[in-house]
Amino acid sequence: MFTSVDDVSARLAETGYLASPAVATTVFLAARLGKPLLVEGPAGVGKTELAKAVARVTDARLVRLQCYEGVDESRALYEWNHAKQLLRISAGRDESWDEARTDIFGEEFLLPRPLLTAIRGDDAKVLLIDETDKADVEVEGLLLEVLSDFQVTVPELGTVTATRRPFVVLTSNASRELSEALRRRCLFLHIGFPEEELERRIVRLKVPDLDETLAGSLVRVVGALRAMDLRKVPSVAETVDWARTLLALGADTLDEALVRDTLGVVLKHQDDVLRAAAKLDLDTL
(Lines give C-alpha, C1' and ligand atoms only; values in the text may rest on other atoms or scores of the structure.)
Protein backbone atom coordinates (compact mmCIF):
# COMPACT_ATOMS: atom_id res chain seq x y z
CA MET A 1 0.00 0.00 0.00
CA PHE A 2 2.81 2.40 0.90
CA THR A 3 6.53 2.38 0.13
CA SER A 4 7.72 4.40 3.13
CA VAL A 5 6.64 6.62 6.00
CA ASP A 6 7.26 9.67 3.83
CA ASP A 7 5.05 8.12 1.15
CA VAL A 8 2.24 7.83 3.70
CA SER A 9 2.61 11.48 4.73
CA ALA A 10 2.72 12.76 1.16
CA ARG A 11 -0.21 10.72 -0.12
CA LEU A 12 -2.43 11.46 2.87
CA ALA A 13 -1.65 15.16 2.48
CA GLU A 14 -2.91 14.96 -1.11
CA THR A 15 -6.34 14.06 0.28
CA GLY A 16 -6.27 16.90 2.81
CA TYR A 17 -5.17 14.82 5.80
CA LEU A 18 -2.05 16.23 7.44
CA ALA A 19 -0.49 13.38 9.41
CA SER A 20 2.03 13.81 12.20
CA PRO A 21 5.20 11.65 11.99
CA ALA A 22 3.74 9.28 14.60
CA VAL A 23 0.52 8.83 12.62
CA ALA A 24 2.35 8.29 9.32
CA THR A 25 4.76 5.79 10.89
CA THR A 26 2.01 3.73 12.52
CA VAL A 27 -0.10 3.65 9.35
CA PHE A 28 2.93 2.46 7.37
CA LEU A 29 3.67 -0.30 9.88
CA ALA A 30 0.03 -1.43 10.02
CA ALA A 31 0.00 -1.75 6.23
CA ARG A 32 3.39 -3.44 6.03
CA LEU A 33 2.76 -5.89 8.89
CA GLY A 34 -0.88 -6.56 8.03
CA LYS A 35 -2.00 -5.68 11.55
CA PRO A 36 -5.24 -3.94 12.57
CA LEU A 37 -4.72 -0.38 13.77
CA LEU A 38 -6.40 0.73 17.00
CA VAL A 39 -6.69 4.52 17.12
CA GLU A 40 -7.69 6.18 20.39
CA GLY A 41 -8.17 9.82 21.26
CA PRO A 42 -10.79 12.47 21.96
CA ALA A 43 -13.64 13.04 19.56
CA GLY A 44 -12.96 15.24 16.55
CA VAL A 45 -9.19 14.77 16.20
CA GLY A 46 -9.35 12.83 12.92
CA LYS A 47 -9.55 9.15 13.87
CA THR A 48 -12.39 8.29 11.50
CA GLU A 49 -11.05 10.64 8.85
CA LEU A 50 -7.75 8.76 8.90
CA ALA A 51 -9.46 5.55 7.76
CA LYS A 52 -11.31 7.46 5.05
CA ALA A 53 -8.08 9.09 3.88
CA VAL A 54 -6.29 5.73 3.68
CA ALA A 55 -9.17 4.36 1.61
CA ARG A 56 -8.98 7.32 -0.77
CA VAL A 57 -5.23 7.22 -1.34
CA THR A 58 -5.16 3.45 -1.86
CA ASP A 59 -8.27 3.43 -4.06
CA ALA A 60 -9.85 0.95 -1.66
CA ARG A 61 -13.49 0.43 -0.79
CA LEU A 62 -14.39 1.76 2.66
CA VAL A 63 -16.50 -0.68 4.69
CA ARG A 64 -17.75 0.83 7.95
CA LEU A 65 -19.14 -0.83 11.05
CA GLN A 66 -20.58 1.89 13.30
CA CYS A 67 -20.63 0.52 16.84
CA TYR A 68 -23.26 1.40 19.39
CA GLU A 69 -24.75 -0.11 22.52
CA GLY A 70 -26.78 -3.12 21.45
CA VAL A 71 -25.09 -3.81 18.13
CA ASP A 72 -25.04 -7.59 17.71
CA GLU A 73 -23.71 -10.31 15.44
CA SER A 74 -26.52 -9.94 12.92
CA ARG A 75 -25.73 -6.25 12.46
CA ALA A 76 -21.96 -6.75 12.40
CA LEU A 77 -21.50 -10.03 10.56
CA TYR A 78 -24.48 -11.30 8.57
CA GLU A 79 -28.14 -12.20 8.74
CA TRP A 80 -30.64 -14.01 6.55
CA ASN A 81 -33.31 -12.31 4.48
CA HIS A 82 -36.24 -13.84 6.34
CA ALA A 83 -38.93 -12.17 4.25
CA LYS A 84 -37.42 -13.52 1.05
CA GLN A 85 -37.02 -16.96 2.62
CA LEU A 86 -40.71 -17.03 3.56
CA LEU A 87 -41.69 -16.08 0.03
CA ARG A 88 -39.49 -18.87 -1.34
CA ILE A 89 -41.05 -21.40 1.03
CA SER A 90 -44.55 -20.24 0.08
CA ALA A 91 -43.75 -20.54 -3.61
CA GLY A 92 -42.59 -24.14 -3.22
CA ARG A 93 -45.47 -25.58 -1.25
CA ASP A 94 -45.08 -29.03 -2.79
CA GLU A 95 -41.42 -29.35 -1.76
CA SER A 96 -40.18 -31.23 1.28
CA TRP A 97 -38.47 -29.29 4.05
CA ASP A 98 -35.09 -30.78 3.15
CA GLU A 99 -35.44 -29.51 -0.41
CA ALA A 100 -36.55 -26.05 0.69
CA ARG A 101 -33.86 -25.76 3.36
CA THR A 102 -31.09 -26.46 0.88
CA ASP A 103 -32.32 -23.57 -1.26
CA ILE A 104 -33.26 -20.89 1.26
CA PHE A 105 -29.90 -20.98 3.02
CA GLY A 106 -27.98 -20.07 -0.11
CA GLU A 107 -26.13 -16.95 -1.23
CA GLU A 108 -29.29 -15.45 -2.68
CA PHE A 109 -30.80 -15.11 0.79
CA LEU A 110 -27.66 -14.01 2.67
CA LEU A 111 -27.37 -10.39 3.82
CA PRO A 112 -23.67 -9.73 4.50
CA ARG A 113 -22.95 -7.02 7.07
CA PRO A 114 -19.68 -5.05 7.36
CA LEU A 115 -17.41 -7.72 8.86
CA LEU A 116 -18.37 -10.38 6.33
CA THR A 117 -18.35 -7.87 3.48
CA ALA A 118 -14.81 -6.81 4.37
CA ILE A 119 -13.30 -10.28 4.05
CA ARG A 120 -15.15 -11.40 0.93
CA GLY A 121 -13.92 -10.69 -2.58
CA ASP A 122 -10.55 -9.80 -4.05
CA ASP A 123 -10.90 -6.02 -4.17
CA ALA A 124 -8.96 -3.73 -1.83
CA LYS A 125 -10.92 -2.67 1.24
CA VAL A 126 -10.47 -0.56 4.35
CA LEU A 127 -12.53 -1.88 7.24
CA LEU A 128 -13.44 0.90 9.68
CA ILE A 129 -14.78 -0.32 13.04
CA ASP A 130 -15.86 3.03 14.41
CA GLU A 131 -16.29 3.82 18.13
CA THR A 132 -15.43 0.29 19.19
CA ASP A 133 -15.69 1.28 22.85
CA LYS A 134 -19.46 1.81 22.46
CA ALA A 135 -20.08 -1.83 21.54
CA ASP A 136 -20.85 -4.49 24.12
CA VAL A 137 -18.14 -6.84 25.37
CA GLU A 138 -19.74 -9.70 23.40
CA VAL A 139 -18.99 -7.89 20.15
CA GLU A 140 -15.33 -7.72 21.13
CA GLY A 141 -15.33 -11.50 21.18
CA LEU A 142 -16.65 -11.52 17.63
CA LEU A 143 -13.98 -9.03 16.57
CA LEU A 144 -11.28 -11.20 18.11
CA GLU A 145 -12.43 -14.16 16.04
CA VAL A 146 -12.60 -12.19 12.80
CA LEU A 147 -9.37 -10.22 13.25
CA SER A 148 -7.32 -13.23 14.34
CA ASP A 149 -7.70 -15.30 11.18
CA PHE A 150 -9.74 -13.03 8.92
CA GLN A 151 -12.30 -15.73 8.44
CA VAL A 152 -15.96 -16.19 9.31
CA THR A 153 -17.93 -19.38 9.61
CA VAL A 154 -21.49 -19.35 8.28
CA PRO A 155 -22.91 -22.67 9.51
CA GLU A 156 -25.15 -23.14 6.49
CA LEU A 157 -22.47 -22.22 3.94
CA GLY A 158 -19.13 -23.06 5.55
CA THR A 159 -16.06 -20.98 6.34
CA VAL A 160 -15.34 -17.79 4.42
CA THR A 161 -11.64 -16.87 4.48
CA ALA A 162 -10.24 -13.60 3.20
CA THR A 163 -8.23 -13.96 0.02
CA ARG A 164 -7.14 -10.34 0.39
CA ARG A 165 -7.00 -8.94 3.90
CA PRO A 166 -8.52 -5.51 4.42
CA PHE A 167 -6.65 -2.66 6.07
CA VAL A 168 -8.42 -2.48 9.44
CA VAL A 169 -8.87 0.64 11.58
CA LEU A 170 -10.62 0.47 14.95
CA THR A 171 -11.39 3.78 16.63
CA SER A 172 -12.13 4.44 20.29
CA ASN A 173 -12.90 7.51 22.38
CA ALA A 174 -11.83 5.50 25.47
CA SER A 175 -15.27 5.74 27.08
CA ARG A 176 -14.81 2.06 28.00
CA GLU A 177 -11.61 0.09 28.45
CA LEU A 178 -11.10 -2.36 25.60
CA SER A 179 -9.92 -5.86 26.40
CA GLU A 180 -6.21 -6.68 26.47
CA ALA A 181 -6.86 -9.53 24.02
CA LEU A 182 -8.19 -7.08 21.42
CA ARG A 183 -5.36 -4.64 22.05
CA ARG A 184 -2.74 -7.37 21.56
CA ARG A 185 -3.96 -8.00 18.04
CA CYS A 186 -3.58 -4.36 17.02
CA LEU A 187 -0.97 -1.71 16.58
CA PHE A 188 -1.85 1.18 18.87
CA LEU A 189 -1.99 4.85 17.96
CA HIS A 190 -3.14 7.73 20.12
CA ILE A 191 -4.17 10.88 18.29
CA GLY A 192 -4.40 13.85 20.60
CA PHE A 193 -4.88 17.51 19.87
CA PRO A 194 -2.21 18.67 17.41
CA GLU A 195 0.61 21.06 18.12
CA GLU A 196 -0.15 24.69 17.33
CA GLU A 197 1.79 24.73 14.06
CA LEU A 198 0.14 21.56 12.75
CA GLU A 199 -3.34 22.79 13.68
CA ARG A 200 -2.65 26.10 11.95
CA ARG A 201 -1.65 24.18 8.81
CA ILE A 202 -4.85 22.12 9.06
CA VAL A 203 -6.96 25.29 9.31
CA ARG A 204 -5.17 26.83 6.36
CA LEU A 205 -5.67 23.67 4.33
CA LYS A 206 -9.38 23.30 5.15
CA VAL A 207 -10.19 27.04 4.99
CA PRO A 208 -7.67 28.43 2.50
CA ASP A 209 -9.41 31.79 2.13
CA LEU A 210 -8.97 32.65 5.81
CA ASP A 211 -6.28 35.23 6.53
CA GLU A 212 -3.11 33.55 7.81
CA THR A 213 -2.74 35.91 10.76
CA LEU A 214 -6.36 35.38 11.76
CA ALA A 215 -5.87 31.61 11.49
CA GLY A 216 -2.92 31.83 13.87
CA SER A 217 -4.93 33.88 16.36
CA LEU A 218 -7.81 31.43 16.15
CA VAL A 219 -5.56 28.44 16.88
CA ARG A 220 -4.03 30.19 19.90
CA VAL A 221 -7.48 30.95 21.31
CA VAL A 222 -8.53 27.33 20.85
CA GLY A 223 -5.37 26.24 22.66
CA ALA A 224 -6.27 28.53 25.56
CA LEU A 225 -9.78 27.06 25.68
CA ARG A 226 -8.37 23.52 25.82
CA ALA A 227 -6.27 24.52 28.83
CA MET A 228 -9.42 25.42 30.77
CA ASP A 229 -11.44 23.05 32.92
CA LEU A 230 -14.31 22.58 30.48
CA ARG A 231 -16.89 19.83 30.16
CA LYS A 232 -15.94 19.44 26.50
CA VAL A 233 -12.88 21.09 25.02
CA PRO A 234 -12.91 22.09 21.34
CA SER A 235 -11.90 19.44 18.82
CA VAL A 236 -9.92 20.02 15.64
CA ALA A 237 -13.15 19.69 13.67
CA GLU A 238 -14.64 22.51 15.74
CA THR A 239 -11.55 24.65 15.18
CA VAL A 240 -12.16 24.28 11.45
CA ASP A 241 -15.85 25.11 11.94
CA TRP A 242 -14.87 28.27 13.82
CA ALA A 243 -12.51 29.23 11.02
CA ARG A 244 -15.32 28.83 8.49
CA THR A 245 -17.56 30.91 10.74
CA LEU A 246 -15.07 33.77 10.84
CA LEU A 247 -14.70 33.61 7.08
CA ALA A 248 -18.48 33.69 6.62
CA LEU A 249 -18.71 36.73 8.89
CA GLY A 250 -15.98 38.52 6.96
CA ALA A 251 -13.87 38.92 10.10
CA ASP A 252 -10.42 40.51 9.84
CA THR A 253 -9.40 40.22 13.49
CA LEU A 254 -10.44 38.16 16.49
CA ASP A 255 -11.68 40.59 19.14
CA GLU A 256 -13.51 39.96 22.40
CA ALA A 257 -16.96 40.78 21.00
CA LEU A 258 -16.52 38.41 18.06
CA VAL A 259 -15.23 35.63 20.30
CA ARG A 260 -18.12 36.06 22.72
CA ASP A 261 -20.70 36.02 19.92
CA THR A 262 -19.29 32.90 18.25
CA LEU A 263 -18.21 30.73 21.21
CA GLY A 264 -21.21 28.50 20.58
CA VAL A 265 -19.47 27.20 17.47
CA VAL A 266 -16.73 25.51 19.52
CA LEU A 267 -18.24 25.13 22.99
CA LYS A 268 -21.38 23.02 23.41
CA HIS A 269 -22.38 23.63 27.03
CA GLN A 270 -23.60 26.88 28.55
CA ASP A 271 -21.40 26.59 31.64
CA ASP A 272 -18.38 26.15 29.35
CA VAL A 273 -19.36 29.28 27.42
CA LEU A 274 -19.71 31.29 30.63
CA ARG A 275 -16.43 30.02 32.04
CA ALA A 276 -14.57 30.76 28.82
CA ALA A 277 -16.07 34.24 28.49
CA ALA A 278 -14.99 35.05 32.05
CA LYS A 279 -11.43 33.64 31.85
CA LEU A 280 -10.33 34.18 28.27
CA ASP A 281 -7.91 37.10 27.91
CA LEU A 282 -7.08 37.81 24.29
CA ASP A 283 -4.39 40.32 25.23
CA THR A 284 -2.20 37.53 26.58
CA LEU A 285 -2.46 35.36 23.46
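Owing to the predicted nature of the structure, the values given are computational and were not obtained by experimental measurement.

Peer 1: Account for the nonpolar core, with residues named and values stated.
Peer 2: Core analysis: the largest hydrophobic core is formed by 34 residues, its most contacted members being Leu77, Leu115, Ile129, Leu143 and Leu170. Elements supplying a minimum of two residues to this core: strand E2 (61-66), strand E3 (78-80), helix H7 (114-119), strand E5 (125-130), helix H8 (137-149), strand E6 (151-154), strand E8 (167-172) and helix H9 (180-184). No other element matches the 6 residues that H8 contributes to this core. In this view, Ile129 contacts Leu65, Cys67, Leu115, Leu143, Val168, Val169, Leu170 and Thr171; residues no more than four positions away in its chain are not counted.

Peer 1: So, the packing of aromatic side chains: which residues are in play, and what are the values?
Peer 2: Within the structure shown, the criterion is met by 1 aromatic pair. Arranged with centres 6.3 Å apart and planes meeting at 85°, the rings of Tyr78 and Trp80 form a pair that is edge-to-face. Each member of the pair, Tyr78 as well as Trp80, carries the same accessibility label: buried. Positioned above the aromatic ring of Phe109, the side-chain terminus of Lys84 is 5.7 Å from the ring centre.

Peer 1: Explain the pattern of salt bridges residue by residue, including any values.
Peer 2: Under the criterion given, the structure shown has 18 salt bridges. Here Glu238 makes a salt bridge to Lys232, at a shortest N to O gap of 3.0 Å. Overall, the relative accessible area of 9% leaves Glu238 in the buried class. Residue Lys232 is classed as partly exposed on the basis of its relative accessible area of 28%.

Peer 1: Pulling in residues and values, what's your account of the pairing of strand E9 (residues 187-190)?
Peer 2: Burial along E9 is one-sided: Leu187 and Leu189 are buried, and none of Phe188 and His190, which face the opposite way, are. Taken together, the 4 bridges between strand E1 (residues 37-40) and E9 define a ladder with parallel strand orientation. Each bridged residue has a counterpart across the sheet, and for Leu37 the counterpart in E9 is Leu187.

Peer 1: Got a sec to walk through the pairing of E1? Specific residues and values, please.
Peer 2: Burial of the side chains of E1 extends over both faces: Leu37 and Val39 are buried on one face and Leu38 and Glu40 on the other. Judged from the 4 bridges that link them, E1 and E8 form a sheet pairing that is parallel. Opposite Leu38, over in E8, you have Leu170 as the bridge partner.

Each value, and the rule that gives it
Residues numbered from 1 in each chain as written. Predicted model: local features only at pLDDT ≥ 70, side-chain atom pairs only at ≥ 80, totals over all residues. Heavy atoms only, no water. Core = buried A, V, L, I, M, F, W, Y, C linked by side-chain atoms within 4.5 Å. Buried < 20%, exposed > 50% of the residue type's maximum accessible area, 1.4 Å probe, protein only. Helix = DSSP H or I, 4+ residues; strand = E, 2+ residues; numbered from the N terminus. Contact = heavy atoms within 4.5 Å. Phe/Tyr/Trp six-rings, centres within 6.5 Å; stacked < 30°, edge-to-face > 60°. Lys NZ or Arg CZ within 6 Å of the ring centre and 35° of its normal. Salt bridge = Lys/Arg side-chain N within 4 Å of Asp/Glu carboxyl O. Pairing = 2+ DSSP bridges.

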